[in-house]
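# Reading the structure
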Amino acid sequence: MASEISPKAEISPKAKIGNNCKIFPFVYIEDDVVIGDNCIIFPFVSILNGTRMGNNNKIHQGSVISALPQDFEFRGEKTECIIGDNNIIRENVVINRATHSGGQTAIGNDNFLMEGAHISHDTKVGNRCVFGYGTKIAGDCLIEDAVIFSSSVIENAKTRVGIGSMIQAGTTFSKDIPPYIVITNEGQYGGVNFAIGRQHGVDEKTLKHIANAYRLVFHGKTSVFDATNQIEEQVPDGPEIRHIIEFLRSSQIGIITKM
């Protein structure tokens with residue numbers, strides 16, 4: 001089915017628009033843009049060069065996709081902003097494209113970005129994440145699947161958030177957040193995120209093993225390095241535990257504060 005495009009939208013003839021899209025008045029779309037099928041683009045959205053958007057996305061009023069990176073190293077190079085499928089991007093969201101040639105900012109599938117969220121250059125976001133009102137993600141971050149940011153969270157540059165974690169409102173953090181945990185608004189460990197674990201199919205026995213692993217990390221009187229070795233030795237093996245071990249060992253900047 002042909003797309004429904006308002007004559008009041010300003011769209012480059014070089015842009016590639018998929019089938020069955022609805023593009024409202026006062027949308028602005030530049031040359032080097034690809035938009036998939038069944039997308040809805042509401043008024044006053046700007047979709048700029050480097051955008052590669054999948055199917056079934058809804059982009060609400062005032063959002064800017066593939067904005068120039070807010071990075072002093074940017075020299076006008078050709079980069080990309082990748083948006084997957086089935087994402088909801090609410091009002092006044094800004095997503096920057098990458099800084100250096102060949103780089104990508106990437107958003108996966110089924111994510112919900114609430115009003116005023118900002119995803120900066122070269123950040124990679126997985127699937128099924130929620131970004132609360134006014135949440136700001138700095139450049140070069142990595143966010144795994146099923147992460148929940150409450151409102152007004154600030155994630156500083158080059159940090160990582162593991163699968164299934166939740167960060168409470170108003171938190172600012174500059175260290176890695178391991179998988180399956182809750183971070184309090186004081187930026188500290190607040191326990192295992194049992195609710196998200198269950199929602200995404202982690203069984204009760206595995207959740208207990210995850211809790212035991214983090215007791216070693218956050219309540220033990222030892223280093224994270226030694227606690228990780230203890231997890232490997234003492235906690236029954238499984239894909240979730242292996243992922244926690246790999247995440248802890250690969251941290252370049254350390255993890256969030258112990259309790």
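See above for the structure.
As a starting point, this report considers the structure included with it. (Residues numbered from 1 in each chain as written. Predicted model: local features only at pLDDT ≥ 70, side-chain atom pairs only at ≥ 80, totals over all residues. Heavy atoms only, no water.)

The next point concerns the nonpolar core. Membership of the largest hydrophobic core comes to 60 residues, with the highest contact counts inside it found for Ile95, Phe131 and Phe149. Looking at this core, the elements with two or more residues in it are β6 (33-35), β12 (80-83), β27 (181-183), β28 (189-192), α2 (204-218), α3 (224-234) and α4 (239-250). For this core, the element with the highest residue contribution is α2, accounting for 8 residues. Beyond its immediate stretch of four places on either side in the chain, Ile95 contacts Val64, Ile65, Ser66, Ala67, Cys81, Ile83, Ile89, Thr105, Ile107, Leu113 and Ile119. (Core = buried A, V, L, I, M, F, W, Y, C linked by side-chain atoms within 4.5 Å. Buried < 20%, exposed > 50% of the residue type's maximum accessible area, 1.4 Å probe, protein only. Helix = DSSP H or I, 4+ residues; strand = E, 2+ residues; numbered from the N terminus. Contact = heavy atoms within 4.5 Å.)

What follows concerns the sheet that holds strand β10 (residues 58-59). An order of β1-β4-β7-β10-β13-β16-β19-β22-β25-β27-β28 is seen for the 11 strands of this open sheet, with the pairing classed as mixed. Looking at the sheet topology across the chains shown, the edges are occupied by β1 (4-5) and β28. Bridge count between strand β22 (residues 148-149) and strand β25 (residues 166-167): 2 bridges; the pairing is parallel. Residue pairing for β25: Ile148 is matched across the bridge by Met166. Contacts between α2 and the sheet are confined to β27 and β28, with β28 contributing the most and set at about 155 degrees to the helix. (Pairing = 2+ DSSP bridges. Axes fitted to C-alpha atoms, helices over the stretch in contact; angles between N-to-C directions.)

Sheet topology places β27 next to β28; 2 bridges connect them, and they run antiparallel. By the bridge assignment for β28, Ile183 is matched with Tyr189. A loop of 5 residues connects β27 with β28, the two strands running antiparallel in sequence, and Gly187 in this loop sits at a positive phi of about 75 degrees.

Moving on, we get to the pattern of salt bridges. Once the charged atoms of two side chains with opposite charge are near each other, the side chains can pair. Enumeration over the complete set of coordinates arrives at 8 salt bridges. Of the charged contacts, one joins Arg90 and Glu91 as a salt bridge, the two residues approaching to 3.0 Å between their closest N and O atoms. Ionic pairing is found between Arg198 and Glu204, a salt bridge with its closest N-O pair at 2.5 Å. In this structure, a network of salt bridges that share partners links the residues Asp32, Arg52 and Glu80. (Salt bridge = Lys/Arg side-chain N within 4 Å of Asp/Glu carboxyl O.)

On to the side chain of Ser12, then. Tracing the backbone shows Ser12 in the loop between β2 (10-11) and β3 (16-17). Residue classification places Ser12 among the buried residues on the basis of a relative accessible area of 11%. When neighbours within four sequence positions are excluded, Ser12 is seen to be in contact with Ile29, Glu30 and Asp31.

The next thing to look at is the packing of α2 against α4. It is at 10 Å that the axes of α2 and α4 come closest, and there the two elements cross at 25 degrees. By the angle between their directions, the pair α2 and α4 is classed as roughly parallel. Viewed along their axes, α2 and α4 form a crossing whose handedness is right-handed. Contacts between α2 and α4 involve Thr206, His209, Ile210, Ala213, Tyr214 and Val217 from the former and Glu240, Ile241, Ile244 and Leu248 from the latter. Among the residues forming the contact of α2 with α4, the class breakdown is 7 nonpolar, 2 polar and 1 charged. (Parallel < 35°, antiparallel > 145°, perpendicular 65-115°, else oblique. Left-handed = near helix turned anticlockwise from the far one by under 90°. Nonpolar A, V, L, I, M, F, W, Y, C, P; charged D, E, K, R; others polar.)

A few words now on the pairing of β12. It is a general feature of regular strands that their side chains alternate between the two faces of the sheet. Only one face of β12 is buried: it carries Cys81 and Ile83, and the other face, with Glu80 and Ile82, is open. Two strands pair when backbone bridges link them, and strand β9 (residues 51-53) and β12 are joined in this way by 3 bridges, in the parallel orientation. Note that in β12 the partner of Arg52 across the bridge is Ile82. Bridge count between β12 and strand β15 (residues 104-107): 4 bridges; the pairing is parallel. What sits directly across from Cys81, in β15, is Thr105.

Right, let's get into the side chain of Asp71. Within the fold, Asp71 resides in the loop between β11 (64-67) and β12. At 2.9 Å, the side chain of Asp71 forms a polar contact with the side chain of Thr99. Not counting chain neighbours up to four residues away, the residues in contact with Asp71 comprise Thr99 and His121. (Polar contact = N/O pair within 3.5 Å; in protein donor to acceptor, adjacent residues only side chain to side chain.)

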